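Coordinate inspection notes
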Amino acid sequence: MSQSQPTQNQSDLDPLANIIRSMVNPLPEDVVTVKKAFTFALRAHQGHERLSGEPYLKHLSETALILAELGAGGPTIAAGLLHDTIEDVGVKREEIVSEFGEEVAFLVDGVTKLGHLKYKGVNRHNESLRKLFVAMSEDIRVLLIKLADRLHNMRTLSHVPKEKQKRIAAETLEIYAPIAYRLGIRKINRELEDLSFPYVYPKEYEEMRKMLKERHSDRVESLEKFSHSVQKALAKEGLTKAKTEYRVKGLYSLYKKYLRYDKDLEKIYDVSAMRILVDSIADCYRVLGVIHGRWRPLPRRIKDYIAFPKPNGYQALHTTIFIGDGNIVEVQIKTHEMYRYSEYGIASHLYYKENGRNKNVLAWVYALLPKSKKANGTGTVKSKDVPKWISELATYEEPSQNQRLFRERLTSDFFSQRIFVFSPKGDVVDLPIDSTPIDFAYSIHSDIGDRMTGSKVNGKLVSLDTKLHNGDIVFIMTSESAKPNRKWLEMTKTSMARRHIRHQLGKLRKPDRA
Ligand code: MN
């Protein structure tokens, strides 16, 4: 839902205490690490200011706070505090290693590297960039830190020079928000979208805002009254512990739905929604009974996602009711646990995982898998939306029995052994590590491989046995008369390239034998 968090004022008072208070079941050593990182960041960024004029530490503690609220563990929150030390104030990686260990340094490093990836503003490149972003992060915690960093940057975007605002907001809308969505972190996804919307589509934003105001000026007031009546009705039935919250739909998601529904606001029933949180599944059905006993539901709008969860694992009871003053409200009834999952998706798993005895971080990555029932938060992930490396992971087994083996296999097979490179048009190709321009050429098309004469990587001419790296832009030169060379067989990593080369070499040899 789209209420903003009431954390801003709190954290002004004592940011460190606030971060620690927001951590979910922290271990004592987690708290120690976070405190130490805070002090380190305070010293490293001494005198360093944001464009807003605020001390830079504010940005770091806000980033850490967002991570703590996501349920992240000590190392992740510490890395959140340290995420700009290498790039912005010249702290050496070795210093972070010696102070905080390899794990935290790895996370800070990862965030720094991701910072070098830039949105190019070309729509057809966006999916490639998203894939590269996920691939380069190597560890899902790096992505979470980057998302928290971007969220705070978006909250303070008004201080950034005008000419930069639109680029940053567009990058947020096209790259970061969809990644948050795929990780199932609806809470961050929504906030990123709503913060970007006015910068990227100012006209449409204004239109939506006006339209919503004209038709529903009294919505919040009406919801407030309704919420009060619901509380009373529930209490009468002994449901005193039920928590109610309401919201008016976020403007950007409303805008997207508005486009999908032929620009007819009347067809959208969840502009106003109320969420009722209870302790047990039995209570969910009791609440539904109370609501329907008191207010008239719209026909065919009653959904039992508890008995029949959505394919992405989302669970709740939904009903849409006339609340008596002419307004219609969608009511979502769920347990606290269902709510946490719907808001935090994968991150809601790390809440258990990272704080458990064995911090099995890669198990979250497993949760990205489309086949996993609880995998994708509240969003429907179409299989074409899933990067190839994720769908490849789907063939692996559930990491229940042999966590360590699973983890090793995952690490060696995917994160450390795949690279993602670009074609000059921005298409992404994923290859095994140590692949060369020859592998790249054959993965584009066998004709391109067969006719290859040379290659440029990031604009520079390179030899054909050059090893490619994540993010390289590879250009292949061809000529009609060119032929594969036997030596190429030793310069390739992919069996596909070798197969094509052998095939061509065989064809070339035949005339000699004849
Ligand atoms: Mn930052």
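On a predicted model such as this, the values are computed, not experimentally measured, just so you know. (Residues numbered from 1 in each chain as written. Predicted model: local features only at pLDDT ≥ 70, side-chain atom pairs only at ≥ 80, totals over all residues. Heavy atoms only, no water.)

Examining the coordination of the manganese ion
The manganese ion binds to the protein through H59 (NE2), H83 (NE2), D84 (OD) and D149 (OD); the donor distances cover 2.2 to 2.4 Å. All donor residues of the manganese ion come from one chain, and their arrangement in sequence is H-x23-H-D-x64-D. With H59 in helix α4 (residues 56–70) and D84 in the loop between α5 (74–82) and α6 (85–89), this residue pair connects regions lying 25 residues apart in the sequence. The same class applies to H59 as to D84, namely buried. (Donors = N, O, S within 2.8 Å, 3.2 Å for Na, K, Ca; no water. Helix = DSSP H or I, 4+ residues; strand = E, 2+ residues; numbered from the N terminus. Buried < 20%, exposed > 50% of the residue type's maximum accessible area, 1.4 Å probe, protein only.)

Here we look at the environment of H500
Tracing the backbone shows H500 in helix α23 (residues 495–513). Taking the relative accessible area as the measure of exposure, H500 reaches 24% and is therefore partly exposed. With 53 residues separating them in the primary sequence, H500 and D447 have C-alpha atoms 9.5 Å apart. Not counting residues within four places of it along the chain, the set of residues in contact with H500 comprises Y442, S446 and D450. (Contact = heavy atoms within 4.5 Å.)

Some details on the sheet that holds strand β9 (residues 452–457)
With respect to topology, 3 strands assemble into an open sheet ordered β10-β9-β11, the strand pairing being antiparallel. Strands at the two margins of the open sheet, each flanked by one partner only, are β10 (460–462) and β11 (474–478). On average, each strand axis in the sheet is tilted by 35° relative to the strand beside it, whichever way the strands run. (Pairing = 2+ DSSP bridges. Axes fitted to C-alpha atoms, helices over the stretch in contact; angles between N-to-C directions.)

Here's the deal with the nonpolar core
Counting 79 residues, the largest nonpolar core has I19, I77 and M208 as its most contacted members. Apart from the residues within four sequence positions on either side, I77 is in contact with I19, M23, V34, A64, L67, A68 and A72. Core analysis: the next-biggest nonpolar cluster, separate from the first, contains 24 residues, L234, V290, I291 and I306 among them. (Core = buried A, V, L, I, M, F, W, Y, C linked by side-chain atoms within 4.5 Å.)

Quick notes on the confidence of the model for the protein
Within the protein, residue pLDDT values average 81, and 78% of them lie at 70 or more. In the model, residues 1–11 has pLDDT below 50 throughout and makes 25 contacts with residues more than four positions away in sequence or in other chains. Taken as a whole, residues 349–415 scores under 50 in pLDDT and shows 140 contacts with residues more than four places along the chain or in a different chain. (pLDDT = per-residue confidence, 0-100.)

Some remarks on the pattern of salt bridges
Counted under the stated rule, the structure contains 20 salt bridges. In this structure, E103 and R141 form a salt bridge, with 2.6 Å as the shortest nitrogen-oxygen distance. Taken together, the positions of E103 in helix α8 (residues 102–114) and R141 in helix α10 (residues 140–155) put the pair 38 residues apart, joining distant regions of the chain. A residue is classified by how much of its surface remains accessible, and R141, at 4% relative accessible area, is buried. With its nearest N and O atoms 3.6 Å apart, the salt bridge here joins E330 to R301. Taken together, the residues span a long stretch of sequence, with E330 in strand β6 (residues 328–335) and R301 in the loop between β3 (296–297) and β4 (303–304) at a distance of 29 residues. We classify E330 as buried; its relative accessible area is 7%. Overall, the relative accessible area of 22% leaves R301 in the partly exposed class. (Salt bridge = Lys/Arg side-chain N within 4 Å of Asp/Glu carboxyl O.)

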